[in-house]
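A structural walkthrough
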Amino acid sequence: MRPKFKILITATEAVPYAKTGGLADVTGVLPKYLKQLGHDVRLVIPRYYEIDKVKYGLKEVQGALGVPMGVLGEEWCGVFEGKIPETDVPVYFIEHERYFGRKNLYNDDNGQGYMDNDNRFAFFSKACLQLCKKLDFYPDIIHANDWQTAAIPILLNTTYKHDALGKAASILTIHNIQHQGSFYEGLMDVLGIGWEHFNFLELEFNNQVNLLKGGILHSTLITTVSDGYAKEIQSPEYAWGLEGVVKERAGSLYGILNGCDYSEWNPETDKYIVKNYSENDLSGKLECKRDLQKTFGLPVRDDIPVFGIVSRLVKQKGVDILSEALYSLFDLDAQFILLGTGEVWSHFYFGGAPKFFPDKIGVHIGFNNELAHKIEAGSDFFIMPSRFEPCGLNQMYSLRYGTLPVVRATGGLNDTVDNFNEQEMTGTGFKFYDPAANALFNTIGWSVYTYYNNKPAMKKLIANAMQKRFTWENSAKKYEDVYYLAVRRRQNIYISS
Ligand code: ADP
Ligand code: GLC
């Protein structure tokens, strides 16, 4: 029998409270499955302005929380408490008006990171640790996610080393190594951990403080969100300069694929789509397609393939590749539907396209969960031309909805989509390898050809896709294994097996 642990998950977004991307899907759902395995798991996130205390029934934890901020002195914040909806998992919200009482999570309206993100997330990381003391909750494991909470493993090995909290093993999950939390060196004085840690083997990188680097080097164990990405980030092509650091800790790095939340993403029960459907009866999918075409102002045609895209419109997602291919794609007898928000140029570029090609493309610039569901259900294919993709969730949703993914073979996309093999009639989608417009164009062309000319293959691919499962039960068990190893390692007990 495995021991049951006290686990604190720290993150800067979580569904349903605040979301900019897949990180929120992971941190809002994983705790539920760890709880089901019998662990005492709790979650901490900032209380952003947009999180409605009344709607979520949050209660104030009595007494202000003091957070030592080095040269800035002690800062104080409030703490609110709730339960992740439909679970028994406590979630704490750190409330600090100056740091979190503003619109957007990380960036201003022009997409620029807030100038004080260094202090905001150093503060949040420290607040998570101070909160444990306040609650008299001493976790076996503290699980940090991405650069925003990467200071936690560093703090546990330094300021908190001789504290009861210092016994906690730390896990750092890398959801995206592009964003590293690189700031001017003065942040050392705010972290208050001593300048001796500003060196090449700890926090220093290009004369700056690099929180992700420090976190990777200080955490007990590291995880990332697919096996493929775990390998990729050991190479210069994918590591944004940190390949040496990741390689250094490769023996402590585990790839754990994210799960898909099938209670939210399931065509049989989805409440946002016009008609539910299943593997055994796809008639509802056709109605969803018609509804989608109508919603996006496209001609309603059953016989034409519809390609959906739901994405942050940033370079990572290959939107530049898509933009380069777009006008050639309009030569195909196909329709395209795009939902997304991100870099300003892309809003104009994609947002303007329906004016010139009203029969070919429908676009909604913005973040809209309901539309995301409609696109997953109503499209025939789903395009993800990512330059890199640590895991990717939309392709998993697409598979469940029988919407065949057309993906670049990278990271989690490569791990979760099986390429169509025409001879064997196997696969769940279509892959391309070069991050280039012609490769994307040719692969979309291949899927259009298959749609029109190989109906038996389409049927088979859809059936294969809909049967695939990436469950959170499975992923949570893998996290449990890593937690177990981390606790043993923190206690300096080495396992021989
Ligand atoms: P990333 O976290 O890198 O953006 P993922 O594929 O892991 O990529 O997760 C993206 C999540 O955000 C998915 O749940 C997706 O449906 C959602 N999403 C992205 N853009 C939008 C949008 N414009 N409207 C609604 N949901 C979106
Ligand atoms: C990041 C990655 C994405 C991953 C998500 C959740 O945002 O870009 O690929 O699915 O984190 O782990």
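In this numbering scheme, every chain counts its residues from 1 along its sequence in written order. Chains and ligands are labelled by the order in which they are written, letters from A for the one and numbers from 1 for the other. Reporting in this predicted model follows two pLDDT cut-offs: at least 70 for local features of residues, and 80 or more for side-chain atom pairs to be given and counted; totals over whole chains, interfaces and linings ignore these cut-offs and use all residues. Values shown for side chains rest on all heavy atoms present in the structure; no hydrogens or waters enter the calculation.

This paragraph deals with the packing of helix α10 (residues 283–295) against helix α13 (residues 369–378). Every angle, taken between N-to-C directions, lies between 0 and 180 degrees, and every axis is a line fitted to C-alpha atoms, over only the stretch in contact when it is a helix. Only runs of H or I of at least four residues qualify as helices and only runs of E of at least two qualify as strands under DSSP, and these elements are numbered from the N terminus. Here α10 crosses α13 at 130°, and the two axes come no closer than 8 Å. Between α10 and α13, the crossing angle belongs to the class labelled oblique. The handedness of the crossing between α10 and α13 is left-handed. When α10 is examined against α13, the residues Lys-285, Cys-288, Lys-289, Asp-291, Leu-292 and Thr-295 are found in contact with a partner set consisting of Leu-371, Lys-374, Ile-375, Glu-376, Ala-377 and Gly-378. In terms of residue class, the contact of α10 with α13 is built from five nonpolar, two polar and five charged. Angle categories are assigned with fixed cut-offs, so that under 35 degrees is roughly parallel, over 145 is roughly antiparallel, 65 to 115 is roughly perpendicular, and the rest are oblique. Crossings are sorted by hand: turned counterclockwise from the far helix by less than a right angle, the near helix makes the crossing left-handed, and turned clockwise it makes it right-handed. For this analysis, residues touch if any pair of their heavy atoms sits within 4.5 Å. Residue type decides the class: Asp, Glu, Lys and Arg count as charged, Ala, Val, Leu, Ile, Met, Phe, Trp, Tyr, Cys and Pro as nonpolar, and the leftover types, Gly among them, as polar.

Here a residue is considered near a molecule or strand provided that any single heavy atom belonging to it is located within 4 Å of it. In the vicinity of ligand 2, 13 residues are found, and the nearest of them are His-175, Asn-258, Gln-316, Glu-389 and Gly-392. For the purposes of these results, a polar contact is taken to be a pair of N or O atoms within 3.5 Å, where, inside protein, one atom must be able to donate a hydrogen and its partner to accept one; residues adjacent in sequence count only when each atom of the pair is a side-chain atom. Here an oxygen atom of ligand 2 and a side-chain polar atom of His-175 are 2.7 Å apart. Within the contact set of ligand 2, an oxygen atom lies 3.0 Å away from a backbone nitrogen or oxygen of Cys-391. Among the elements that make up the shell around ligand 2, the one with the highest residue count is helix α1 (residues 22–36) (three residues). The residue makeup of the shell around ligand 2, split by class, is five nonpolar, six polar and two charged. Domains are outlined according to an automatic or database domain assignment. Both of domain 1 (6–259 + 473–496) and domain 2 (283–469) provide at least three residues apiece to the shell around ligand 2.

Before going further, it helps to spend a moment on the site of ligand 1. As a structural note, the neighbourhood of ligand 1 is formed by 21 residues, with Gly-22, Arg-312, Lys-317, Gly-366 and Leu-393 the closest of them. At 3.3 Å, a side-chain N or O of Tyr-397 approaches an oxygen atom of ligand 1. Residue exposure ignores everything except the shown protein chains as possible cover, and the areas themselves are Shrake-Rupley values with a 1.4 Å probe. About the coverage of ligand 1: the protein hides 93% of its 560 Å² of free accessible area. Only α1, β13 (306–313), β14 (335–342), α13 and α14 (394–400) provide two or more residues apiece to the shell around ligand 1. Tallying contributions element by element places β13 first for the shell around ligand 1, with three residues.

Our focus in this paragraph is the packing of aromatic side chains. Stacked, tilted and edge-to-face pairs are distinguished by plane angle, under 30 degrees for stacked and over 60 for edge-to-face with tilted covering the rest, among Phe, Tyr and Trp rings (Trp via its six-membered ring) whose centres lie within 6.5 Å. Under the defined criterion, the tally for this structure stands at 33 aromatic pairs. Put simply, a charge is over a ring when the Lys NZ or the Arg CZ is close to the ring centre, within 6 Å, and near the line of the ring normal, within 35 degrees. Of note, Arg-102 hangs over the ring of Tyr-114, and the distance from its end group to the ring centre comes to 4.6 Å. Positioned above the aromatic ring of Tyr-451 is the side chain of Lys-455, whose terminal nitrogen or guanidinium carbon lies 4.7 Å from the ring centre.

So, on to the side chain of His-218. The topology assignment puts His-218 in helix α6 (residues 211–218). For His-218, the residues in contact, after removing those within four places along its chain, are Pro-153, Ile-154, Asn-157, Ser-170, Glu-202, Leu-203 and Arg-249.

Looking at the protein, the domain boundaries give domain 1 (6–259 + 473–496) and domain 2 (283–469). Computed from C-alpha atoms alone, the centre-to-centre distance between domain 1 and domain 2 is 33 Å. Each partner contributes to the interface: domain 1 provides 18 residues, whereas domain 2 provides 16 residues. A side-chain nitrogen of Lys or Arg and a carboxyl oxygen of Asp or Glu constitute a salt bridge if their distance falls within 4 Å. Taken together, the links from domain 1 to domain 2 amount to zero salt bridges. Scanning the region where domain 1 abuts domain 2 turns up nine residue pairs in polar contact (both at pLDDT 80 or more). Those elements that provide at least two residues to the side of domain 1 that touches domain 2 are α1 and α7 (227–232). A total of four residues in the side of domain 1 that touches domain 2 trace back to one element, the largest contributor, which is α7. When its residues are assigned to classes, the side of domain 1 that touches domain 2 shows five nonpolar, nine polar and four charged.

On to helix α16 (residues 437–453). To estimate the expected span of a helix, subtract one from its residue number and multiply by 1.5 Å. Between its first and last C-alpha atoms α16 spans 24 Å; for 17 residues at 1.5 Å apiece the expected length is 24 Å, and the two agree. Those residues of α16 that fall on the buried side of the exposure criterion are Ala-437, Ala-439, Leu-440, Thr-443, Ile-444, Ser-447, Val-448, Thr-450 and Tyr-451. Relative accessibility under 20% of the residue-type maximum defines a buried residue, over 50% an exposed one, and the middle range a partly exposed one, all with a 1.4 Å probe and only protein chains included.

Here the focus is the side chain of Asp-25. Mapped onto the fold, Asp-25 is located in helix α1. For Asp-25, a relative accessible area of 13% translates into the label buried. Apart from the residues within four sequence positions on either side, Asp-25 is in contact with Val-15, Lys-19, Leu-393 and Tyr-397.

Attention shifts here to the environment of Leu-201. Summarising the element assignment, Leu-201 is placed in the loop between α5 (187–191) and β9 (204–205). Given the relative accessible area of 64%, Leu-201 is considered exposed. Residues Leu-201 and Val-245, 44 residues apart in the sequence, show an inter-C-alpha distance of 8.5 Å.

Here we take up the state of the cysteines. Only a pair of cysteine sulfur atoms within 2.5 Å counts as a disulfide in this structure description. By the definition in use, this model includes zero disulfides. Lacking any disulfide linkage, Cys-77 is separated from the closest cysteine sulfur, that of Cys-128, by 9.6 Å. A relative accessible area of 4% places Cys-77 in the buried class. The cysteine Cys-132 is free of any disulfide, with Cys-128 supplying the nearest cysteine sulfur at 7.6 Å. Classification of Cys-132 by relative accessible area gives buried; the value is 1%.

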